[in-house]
Amino acid sequence: MNANKFNRLLRHISDNERAFESIYVEYYPKIIMYLHRRFGTAVCAEDVAQTVFVSLIETKTFPEIKFPATWIYRQAEYKAVDILRKQQKEVPLPETYTAPLNFDDVVLKEDMRKIFERLDECTQKILYLHIWEGYSQKEIAEMMEMSCTNVRKKASRGYELIKKLL
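Treat the numbers as computed from the prediction; the structure is a model and nothing was measured. (Residues numbered from 1 in each chain as written. Predicted model: local features only at pLDDT ≥ 70, side-chain atom pairs only at ≥ 80, totals over all residues. Heavy atoms only, no water.)

Details of the nonpolar core
Rule in force here: What makes a nonpolar core is a set of buried Ala, Val, Leu, Ile, Met, Phe, Trp, Tyr and Cys residues whose side-chain atoms join them at distances within 4.5 Å. Buried residues are those whose accessible area, probed at 1.4 Å on protein chains only, stays under 20% of the maximum for their type, while exposed residues exceed 50% and partly exposed ones sit between those limits. Secondary structure counts use DSSP, requiring at least four H or I residues in a row for a helix and at least two E residues in a row for a strand, with both numbered from the N terminus. The contact criterion used is simple: two residues touch if any of their non-hydrogen atoms lie within 4.5 Å.
One finds Leu10, Ile23, Tyr27, Ile31, Leu35, Leu56 and Ile72 to be the most contacted residues of the largest nonpolar core, which totals 44 residues. Listed by contribution, the elements that provide at least two residues to this core are helix H1 (3–11), helix H2 (17–39), helix H3 (45–58), helix H4 (68–86), helix H5 (110–117), helix H6 (121–131), helix H7 (137–143) and helix H8 (148–165). Per-element accounting of this core gives the leading share, nine residues, to H2. Setting aside chain neighbours within four positions, we find Ile23 in contact with Phe6, Leu9, Leu10, Ile13, Tyr28, Phe53, Leu56 and Ile72.

Laid out in structure tokens, this is it:
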């Protein structure tokens, strides 16, 4: 959903059922998948998603949102962290716009690890988010505030470099 349409619907979400329904249909399944990827079974993804939509209805004013998907994912992530804190579990605060690059959690052969580390940091993040976290190039572009074309080019160049070095 583009930013203009999202902002228009968001302004009328509390008094227009169709505005709410449009946002709900578009983002509810995506939020569920995102929460499952991000938190696993630590939180009930359906409960968090419902909490996000209830808070959207209750909020009276919203800032102008440039990247709707990123913004709504952040809202869901913040709600999940709040729920986990209430359950007395320690959870590190989420990093802004990117998943952490923790290669220790990813099983790589040593030679592949050396090749991957030769890529620039931006390309590493793009490939990490795409390969290990399962994000689409469009989602990565929104998270990293880049154009889809730029993400696609960096990923392509990264894959080419990896092929050359193998």
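We are not done yet, so read on.
Points about H8
The line we're drawing: An expected span of 1.5 Å times one less than the residue number is assigned to each helix. When we speak of the arc, we mean the arc of directions from the helix axis to the C-beta atoms.
Taking 1.5 Å per residue, 18 residues should reach 26 Å; H8 reaches 26 Å between its end C-alpha atoms and fits that length. For H8, the complete set of buried residues consists of Val151, Ala155, Gly158 and Ile162. Along the long axis of H8, the arc covered by the buried residues comes to 60°, so they all point the same way. Exposed and oriented more than 90 degrees from the buried face of H8 are Arg157, Lys163 and Lys164.

As for the packing of H3 against H4
Let me state the cut-off plainly: Orientation is described by axes fitted as lines to C-alpha atoms, over the contacting stretch for helices, and by angles from 0 to 180 degrees between their N-to-C directions. Should the near helix be turned anticlockwise from the far one by less than a right angle, the crossing is termed left-handed; should it be turned clockwise, right-handed. The nonpolar class holds Ala, Val, Leu, Ile, Met, Phe, Trp, Tyr, Cys and Pro. Asp, Glu, Lys and Arg form the charged class, and all remaining residues, Gly among them, are polar.
Contact pair H3 / H4: the axes reach a minimum separation of 9 Å and the direction vectors enclose 115°. Considering how the two elements wind past one another, H3 and H4 form a crossing that is right-handed. Along its contact with H3, which presents Val48, Thr51, Val52, Ser55 and Leu56, the element H4 presents Trp71, Ile72, Gln75, Ala76, Lys79, Ala80 and Ile83. The residue inventory of the contact of H3 with H4, partitioned by class, reads eight nonpolar, three polar and one charged.

Quick word on the confidence of the model for the protein
Stated formally: What pLDDT reports is the predictor's confidence in each residue, on a scale of 0 through 100.
Chain-level statistics for the protein give a pLDDT mean of 79 and a share of 85% at 70 or above. Within the protein, the element-level pLDDT minimum falls on H5, averaging 74, and the maximum on H7, averaging 88.

Observations concerning H2
Selection criterion: At any given residue, the bend is defined as the angle formed between two axes, one fitted to the seven residues that end at that position and one fitted to the seven that begin there. Two N or O atoms form a polar contact when they lie within 3.5 Å of each other; inside protein one atom must be a possible hydrogen donor and the other a possible acceptor, and for residues adjacent in sequence the pair counts only when both atoms belong to side chains.
Maximum bend of H2: about 35°, positioned at Tyr27, with proline Pro29 one to four residues after it. Buried residues of H2: Ala19, Ile23, Tyr27, Tyr28, Ile31, Ile32, Tyr34, Leu35 and Phe39, and no others. Residues of H2 that are buried sit in contact with H1, H3 and H4. Residue Asn16 occupies the N-cap position of H2, its side-chain oxygen lying 2.9 Å from the main-chain nitrogen of Arg18. Once H2 ends, the next one or two residues include Gly40, with phi positive near 60°.

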